[in-house]
Amino acid sequence: MTNSFVSNDLHTNNFINRIYVPRFIIDFINMTLQQLEYIIALDTHRHFVNAAESCFVTQPTLTLQIQKLENEMGTQIFDRTKQPIEPTKAGTAIIEKARQILREVNALKTFVNTEKDDLSGTFRIGVIPTVAPYLMPRFLKSFTDENPNIELIIREIESEQIIQDIKNDLLDIGILATPLEENSLREIPLYHEPFLVYTAEQHPLYVKDNVKPTDLPEKGLWLLNQGHCLRNQVLTICSQRRSAQNNNLSYESGSIETLKNLVKNHMGYTLVPELSVNDTLTQDKRIKRFEKPEPTREISLVVHQSYNKEAILEHLRNAIHKNIPERFSKAKTFNRIKWR
C-alpha cells in the first residue's frame, strides 16, 4: 500500500525544521483527539445539543463519535438514563485522562508553534470576587495598553470553581487566595494582604488603636456568604465557626461593600482586606489594624502544572507589583491565614 505524506513546519528554537508523518497516522490521531474533545464537551455541558454546539458540529455527529469511542474502548462512558446525563464510574476516569491528554497536546502545540516568551494570544483568567474590584482596576488598563497583542477574558468566580476550571482547562490562570495544596496546580505568590478590622463607632473596638484576635467579640460579626474563601479566613482569625448574628438580625452578604455599609449604618464589625479600604485608610477611624504579626491572606497566580506560557505570568506579576502597596510584597512579619 502506498502512503501519502504531509509535511509540517515546526519552529522551535531552530532545532526542529521539518518532519514527515504518514497521512493515515495524522488522520487517526486527529480523529482520536476529536473524540476526546467531544466527551470532554459532553461532560462539561451534560447535554448533547449544547456539547455539539460548543464543538461546532451537529448533535448526530457528536453522538456517533462518542458511541464509536465507547465501542472501541469496550465500556460505556456516559449514563444516558440520567437527566442530566452524567459519566459512569469508568467514564469519570476516562474523561479525567482525556483532559490530561488534551492539555499535554495543547502544551506541545504551544511549545512547537510559539516561543515561551511570546506575549500574544487569548488568556482566560478567573479572579475571586473579594480581590477583583480592588486589584484588577489598578493594573488592567496599563497592562492591556502595553500588551496590545494580548486578549484577556476575565471572570469573577469563587475559589473552588476557579480550581475546578483550571483542572478542566476552562481557565488558564487564577488569581485567588493560597495555599491550595493541590498537586496538579502551581502557585506563584503575588503579595500578602493584611486583614483589618472595620468597626462601628458605637462598638467597643472603635476606641482601640490596635486589635488582638482575642479582642474580637463573639457577637456582632458580619460575614460573607458560604463559598467565599475570605469568610473561612475571617472565622479562622476569630476562632469561630458560626453564622453572622447581630442581635435579632442575621445577614450574610456576597459583597464586602455591603458588609462595610452594614457596619456604618447599623452596629457590629467585620474584617476586610486592606485593598478594600485603601483609599480611606488614613481618614476613616472605623479602620483598625491588628497587632503584629498581622493576619494576612496570600494572593497568588495559579495555573496547571503543565502550563508553559511563562511570559504572561511574569508580566502579570510585574504589573500587579507595580500597582499595590510596596509593603504587601515586602512584609517581613505576618501570619498567613489559610482558608482550606
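Quick caveat, the model's predicted, so the values are computed rather than measured. (Residues numbered from 1 in each chain as written. Predicted model: local features only at pLDDT ≥ 70, side-chain atom pairs only at ≥ 80, totals over all residues. Heavy atoms only, no water.)

Enquirer: When you look at the side chain of S253 in this model, what are you seeing that I'm missing?
Expert: For S253, the position within the fold is in strand β11 (residues 252-253). Exposure remark for S253: the relative accessible area of 5% places this residue in the buried category. A polar atom in the side chain of S253 sits 2.9 Å from the backbone nitrogen of S255. With sequence-adjacent residues up to four places away left out, S253 is seen in contact with L223, L224, N225, T258 and L259. (Helix = DSSP H or I, 4+ residues; strand = E, 2+ residues; numbered from the N terminus. Buried < 20%, exposed > 50% of the residue type's maximum accessible area, 1.4 Å probe, protein only. Polar contact = N/O pair within 3.5 Å; in protein donor to acceptor, adjacent residues only side chain to side chain. Contact = heavy atoms within 4.5 Å.)

Enquirer: Would you explain the nonpolar core in this entry?
Expert: If you look at soluble globular proteins, the nonpolar side chains tend to sit buried side by side. Counting 72 residues, the largest nonpolar core has L135, I173, I175, Y191, L216, L271 and I312 as the members making the most contacts within it. By size, the runner-up hydrophobic cluster in this structure holds 20 residues, among which are A52, L69, F78 and I94. (Core = buried A, V, L, I, M, F, W, Y, C linked by side-chain atoms within 4.5 Å.)

Enquirer: What am I meant to see in the packing of helix α5 (residues 132-146) against helix α9 (residues 310-321) here?
Expert: Helix packing geometry: the angle between the two helix axes and the distance between the axes. As a packed pair, α5 and α9 sit with axes 9 Å apart at the nearest point and diverge in direction by 120 degrees. With respect to α9, the element α5 is oriented oblique. Taken as a pair, α5 and α9 cross one another with a handedness that is right-handed. For the pair α5 and α9, the contacting residues are L135, F139 and F143 in the first and I312, H315, L316, A319 and I320 in the second. Taken together, the residues of the contact of α5 with α9 sort by class into 7 nonpolar, 1 polar and no charged. (Axes fitted to C-alpha atoms, helices over the stretch in contact; angles between N-to-C directions. Parallel < 35°, antiparallel > 145°, perpendicular 65-115°, else oblique. Left-handed = near helix turned anticlockwise from the far one by under 90°. Nonpolar A, V, L, I, M, F, W, Y, C, P; charged D, E, K, R; others polar.)

Enquirer: Teacher, can you tell me more about the packing of helix α2 (residues 48-55) against helix α3 (residues 59-73) here?
Expert: It is the contact of α2 with α3, at a shortest axis distance of 8 Å, that shows an interaxial angle of 100 degrees. Taken together, the axis directions place α2 and α3 in an arrangement best described as roughly perpendicular. Side by side, α2 and α3 meet where F48, V49, A51, A52 and C55 of the first sit next to Q59, L62, T63 and I66 of the second. Here the contact of α2 with α3 is composed, by residue class, of 7 nonpolar, 2 polar and no charged.

Enquirer: Where do I start with helix α7 (residues 229-237) in this structure?
Expert: Three or four residues apart is the spacing at which side chains of an α-helix point the same way, because the helix has 3.6 residues per turn. For α7, the buried fraction is high: 7 of the 9 residues fall into the buried class. Listed as buried for α7 are C229, L230, R231, Q233, V234, L235 and I237. Just past α7, the residue S239 takes up positive phi, approximately 55 degrees.

Enquirer: In this structure, what is going on with the side chain of S306? I would like to understand it.
Expert: Mapped onto the elements, S306 comes out in the loop between β14 (294-304) and α9. Judged by relative accessible area, S306 falls into the buried class, the value being 17%. Other than its neighbours up to four places away in sequence, S306 contacts R103, E104 and A107.

Purely geometric numbers; function is a separate question.
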